[in-house]
Each structure stands twice: as structure tokens, then as C-alpha cells.
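Descriptive analysis of the structure
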Amino acid sequence: MIAHIFEDLCTGCNACVAACPDHVLDLGPATVPVIARLDQCQTCFMCELYCPADAIFVAPDQRAPEHVDPAAILASGQLGQMRRDQGWGTGDADPLREYWRLGPLLMEGAQRAVDRYKQSHPEWSPPER
Amino acid sequence: MSELKLEADVLVIGGGMAAGWAAIAAARTGARVVLADKGFVGTSGVTATAGPNHWWVPPDPAQREAAISRRFQSGFGLADKAWMARVIDTTWRILPELAPYYPFSRDGAGGTFFSGVRGPEYMRALRNFATDLGVRILDHHPALELLLHPDGSVAGAAGYARLERRNWSIRAGAVVMATGGCAFRSGLIGSRGNTGDGCLMAVEAGAELSGMEFSVAYTLSPAWCSTRTLPYTAARFFDVDGNELDIPPGSGAEHLRGLAAAFRGGPVYADLRDAPAPLRTILGRIQPATAPPFARKGVRLFDERFEVKLFGEGTIRGTGGLRIADAHCQTTVRGLFAAGDAATRELIAGATSGGGAQNSAWALTSGYEAGEGAATLARKSVRGNDGPVLRAGRTALRPAAAAKTVDDGAAIAVAAAQILPLDKALWRERETLEASQLLLDQVWAELVAHRQAEGLDQVGAREAAAIVATARWCNFAALARPESRGIHLRADAPRTLPELASRLVTGGTDALWTRFEADLQAGAAA
Ligand SMILES: Cc1cc2nc3c(=O)[nH]c(=O)nc-3n(C[C@H](O)[C@H](O)[C@H](O)COP(=O)(O)OP(=O)(O)OC[C@H]3O[C@@H](n4cnc5c(N)ncnc54)[C@H](O)[C@@H]3O)c2cc1C
Ligand code: SF4
Ligand code: SF4
């Protein structure tokens, strides 16, 4: 669940308030958004993706709120990592050049599982799909 | 703030890929289009957090014929070859038109990779495409109910703007319902707002559902966070003592039942050491949101075992939804069209899941057809956007008896507990289904009688009502199909009965009913 907004990084642009699909955030009285309905957070990382200032940290557990240490987050390099991987705001003109490999890699994994299972269960054959 | 009142030719309800394509298709005909989404068009719905790979078959007659007959067979007699052909063809023609807005890249073989698109970029592209065509997008404007003309045809919808905190109503010549499927708040990635609202609104207005018994689908993820599944396809599974579990691979019934049996013995752990090696370096670039739940928990995804869970997908990668009555995806209610996961996908997937390629091709095609059909109907309409209307919404908006406190969370928990548990879902039986139906009927009756919401509370209250309603339809349909077929697995009726090779239609809000389509047609012919 969303765990922290770094006040000193936040520019108050409110992109995250608009982008959160689950209405977790409200406009703040000052400029920093307020986490108003944490129970509605689905841990989708979309607020991080839409924050141009990399000021938001979503903690990994969707089952319950987590306490985080802002200094440790800054030190971890995780802040904004997802957005950089996504290629947003990095100036990468071809962010999806590896995307075609998704299908073949999915299939390769599935085939490995089938081959492995056949070795231990020679009589088994995969169900028709 | 005072109520927002708007007029349009076509109103699209929803903000995922089906809604996006519907709005684009309608706007291309010159219609005035308003799109109202519960969330934000770009992040809401399961399209945004997924990376849908579309059913992608080149326009070579032999290849298409082969693809269709393969999927027709695996649909257990309930699919429709003509619809399959249209979906393949429309997807092939239309998806590349997104090129000005989406950074399509190489396919590794000298061409362009069109079929698979990444969620956030896809939804951003649809948003920009629609905006350039003049579509008015209203984010954070969940619809609550349909408006009807006195003759029962659709006149628009009403809802609540949750950032501005005011009611809205929009009059339109036709409405496209593209609100996605329902995952019963299982925690499935991207699905929190997918609560079945569109089915509830439409059935209250008289629409019918089809295939609601095909609502059993699950996706594997770490126990603490639902993600996409790319890294897990070669997983081995272990129990808490480190013994390897005997789980047949795949994604079908055998695999799910194997995992379900393992969960009865305690926590299950996945080991990804067999995953294809390139994933270690490029996972972040393909699926950037899959790595953080591990990195931030200090779990080395490919080197350490981690606890897993199956997250229910309900009617998202299940198949049931609003019944389609014509080639433009109109429902049985005049002026109301259905698209994407809000509609039944039996026409192309039959009794199985359309996940993995068909569902997104369906969402694109049904969205496109519905948008065009809605625009055509609106243009022909002579009625105009005034005249009296009825508000079709009832449960949680206009209680039947004295208003009193009803706990939405408890109602949702009852619904989820009937539909999601693996042992109930993968081994359906008359007795347990009947017991579930009693519980669901009680919760529904309580909501109908007493729940009354105002302001922002309306949104959550209607979500709870829609989840309970969807659970009732799924459970009721499961009872009405006394056989096993596709993803509908009855432990007490394991065989597939040739005489039941017909789509099952469900309807009603308080008193539910079902009828096999074959019987409907026989009745109409008689
Ligand atoms: C993890 C995952 C991976 C998948 N991968 C694939 C794949 O590879 N290939 C494939 O074919 N399919 C795949 N699917 C299925 C595919 O993503 C869906 O079929 C498709 O995204 C459905 O689009 P949709 O627009 O109907 O629904 P969604 O994208 O879910 O959109 C529903 C929209 O309705 C809005 N809404 C809900 N209620 C209301 C309301 N009351 N008022 C206004 N708006 C409302 C929501 O905000 C949301 O914007 C996958 C699904 C998941 C969950
Ligand atoms: S993680 Fe998703 S649901 Fe949670 S606050 Fe961010 S955008 Fe909203
Ligand atoms: S998007 Fe980032 S910078 Fe903008 S208001 Fe939100 S946290 Fe602050």
C-alpha cells in the first residue's frame, strides 16, 4: 500500500490525486496530497508511475499498511525505480524494444515445466487447450 | 456543489480498453461522446495493470480457419464461429491504428510487434486518441444507475463525481456499458474497482446475463501482492518443510486443483530457479511493476522461495457477463450496448476462459462495434434528450423499507466467501451451492430493504450491492448447469452432457431465473 510521500520532493502538481484509480488520495491543505483512504489502496504502483518528481513510495504488501523508514527508502534506490524501468521521463525513445519477448519467455517457462513434469510422470500428458 | 448535467449522443461508461475503443469508434462517426469512468482513464481497470496480448492471426484464410476451429473446439460447443472471425479480423485491422499514440516496437523478426501492448502505455494511448477525436473524458465519475425512457429504452445514466463531490446525470441517445468484470475484491491486480457495477445497472434496467457459471479463474502471485505472471510459468512448488509438491503444470483445472489440494496442507512456496534465464535481466523492462513487490520485501525473486497465493479473477478471466443480442453488441435493452469484460465472452471463448489473447481482442472488437452501433442508433433517434426519465437504480440508493445501517464490508465478505474459496469453486456441488445461495439471498435482501447511501457513500454502497448481485448470479447459474463444462467444474456432475451444449441465460435482481438459450429459441419458434 502507498506508504509515504516525500514532502520535500513533492511539487504539489496533484498528478497522483487524479491518477490513483481508487480515490485513495485527496488534495492537501497545503500542497502535498493526503493519503485519505488507505483502505482503498490496491498496491498498483500507478501513483508512482504518474509522479513526475519520484516523490511517492508504495510499500510491497497489499494486505496491510506498513511503516517505512524514509531514509532507508532513499538509500535503497527504489524511489522512482519502477518509473525508470517503465521508461517514463527518461527520454527513452524506444522503451518497448524488449516487449516482444514476453510471449516467447512465457511459453519457454511453461514448456520447461511440462518437460520437467513428464520426466517424473512419464504417463502424464498436458491437457489439451 | 450543484449537479452536473450533460447531453451527448453516446455515453460510454467505463475507462478500460473496451471503453476506450468504444469512445474512439463512436467519435469517428462524428457523434458527440462523453466517457465517464470510475477511476482515471489510464490507470483504472485491469487493462492498465496488465499487458494484454491480443488474439493475432494474419489474414490468411487457412491460418484463420485453423485458429477458429482450434478455439471453437476448446469452447465446448458454446462459441460462435462468425463472431470469432469478426473478432480476429477487427483486432488485426484496428490495433495498428494506435501507432501515432503508442510506441510500437520491433518483433524480433524484422517486423513490428503489434499483438502485445503494455497496460499503462496502451491506456495512455487510448486516452490521447479519444481526446484528439473530441471525446469528453470524465475521470472519477462512477456511474450509479441508468436512466430509462418510459418505454424502457435507455436515456442516459446518473452517477457521482467523487473529486468534485457532486451528483451527475448525462442524457444520451445510446449508452455503452464497459465497466469490466468482477473479481469479488480478491486483491487481483488492478481489480479493486471492478465490482460488477455495469451488470447490476443493466440488469436493473431489464438486461440479461449469459455464462455466469463460467466464473472460475485464478492467477498465481506472491501471497502479499498480486502481480502479473510472467516469471512464474516454470515454478516448482514446495511445502513449509521444503518437500516438493506434485503439482501438474499449466493453468487449467488440473493445475489449479493440484494447488488447491496443496493449500489444504498449509502454505505453499514457489521456487523460480528454472525460470528462463533472460528474465533475470529484462523482467524490469518488460513488466516494470512485477519486480518491486519482491525487491521492496527483500526477496530475491529468482533465487529465494516465496509464499504464493491464488487470486480469484471472477468474471474477469472467467467468461460471463451481459448477454449480447445483436451484431453491434446491443443488449436486450434498446439503446444499451455492452463491451469488454462487462459482456459475456462465450461468443468467442465458449465455456472456457478467454484470458491470454481472446479477451483483449474481444474487448477491442466489442468496444469498437458497440461504439459504432451506439452512434448509429443515436443518430437515428428522433427523440432528443429531453422528456421524462425513470431512474432504474434501486439497491443501496432507494431502500424498499426503512433505512438503517448495513455493513458493506460484511456483505462483500459473504459474497467473496461463497465464490472465491478454491474448494468451493473447483469442486462445485449442489449442496454447497444451495447453502451459498441462501446466504447470498439474505445479504441481498438486507441491502435491498435497508441500505441507503448519499454523496460519496453511494459509490462504495453500489459496489457492495454489485458484488453481492454478481455472486448471486454466478452461484445461481452454477446450480442451473448440472454438468461440468470448460471452467465450470461440478464435483457431483463431472461429465459433460451433450444435451446441455447451450448458453445459459440468467436474469433478475430479487427473484433470479435461468433459461438455456436453446430452450428460448425453441420457445420462440413454437
Ligand atoms: C493480470 C491480467 C492479465 C491479463 N492478460 C491478458 C492477456 O494477455 N490477453 C488477453 O486477451 N487478456 C488478458 N487479460 C484480460 C484483459 O485484460 C481484459 O479482458 C480486458 O482488459 C478487459 O477490458 P475492459 O475494458 O472490459 O475492462 P477493464 O480494463 O477492467 O476496465 C473496466 C473499467 O470500468 C470502470 N468502471 C467500473 N465500474 C464503473 C462504474 N460504476 N462507472 C464508471 N466506470 C466504471 C473501471 O474504472 C475501469 O476503468 C488479463 C487480465 C488480467 C487481470
Ligand atoms: S498504489 Fe495504486 S491504489 Fe494505491 S495509492 Fe497508488 S495509485 Fe492509488
Ligand atoms: S504526483 Fe508527485 S509531485 Fe505531484 S502531487 Fe503527487 S506526490 Fe507530489
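Structural data are supplied above this passage.
Okay, so let's go over this structure. (Residues numbered from 1 in each chain as written. Chains lettered and ligands numbered in written order. Predicted model: local features only at pLDDT ≥ 70, side-chain atom pairs only at ≥ 80, totals over all residues. Heavy atoms only, no water.)

Turning to the overall build of chain A, a few remarks are in order. When its secondary structure is counted, chain A shows 5 helices and 4 strands. The N-to-C order of helical and strand elements in chain A reads β-α-β-β-α-β-α-α-α. Taken over C-alpha atoms, the radius of gyration comes to 20 Å for chain A, far larger than the 14 Å a tight globule of 129 residues would show. A principal-axis box enclosing the C-alpha atoms of chain A has dimensions of 65 × 35 × 30 Å. Of the contacts formed within chain A by residues at least 6 apart in sequence, a portion of 50% connects residues at least 24 apart. When the accessible area of chain A is evaluated, it comes to approximately 6,400 Å², of which 55% is carbon and sulfur surface. Here chain A contributes 10 positive and 18 negative side-chain charges, whose respective centroids are spaced 8 Å apart. (Helix = DSSP H or I, 4+ residues; strand = E, 2+ residues; numbered from the N terminus. Rg over C-alpha atoms; globule rule 2.2 N^0.38 Å. Contact = heavy atoms within 4.5 Å. Areas by Shrake-Rupley, 256 points an atom, 1.4 Å probe, with all protein chains shown as cover. Lys, Arg positive; Asp, Glu negative; His and termini not counted. Charge placed at Lys NZ, Arg CZ, Asp CG, Glu CD.)

Once that is clear, we can look at the sheet that holds strand β10 (residues 218-222) of chain B. Backbone-to-backbone hydrogen bonds pair the strands of a sheet. The strands run either parallel or antiparallel. Residue and element names in this part refer to chain B. Spatially, β10-β13-β12-β11 is the arrangement adopted by the 4 strands of the open sheet, whose pairing is antiparallel. Looking at strand neighbours, the two that pair on one side only are β10 and β11 (236-238), the edges of this open sheet. Across the sheet, the mean angle separating the axes of adjacent strands is 45° when strand polarity is ignored. Where strand β12 (residues 269-271) lies against strand β13 (residues 306-312), 2 bridges are found, and the strand directions are antiparallel. Looking at β13, one finds that Ala-270 is bridged to Phe-306. Against the sheet, helix α7 (residues 253-264) contacts β10, β11 and β13, and its axis sits at roughly 120° relative to β13. (Pairing = 2+ DSSP bridges. Axes fitted to C-alpha atoms, helices over the stretch in contact; angles between N-to-C directions.)

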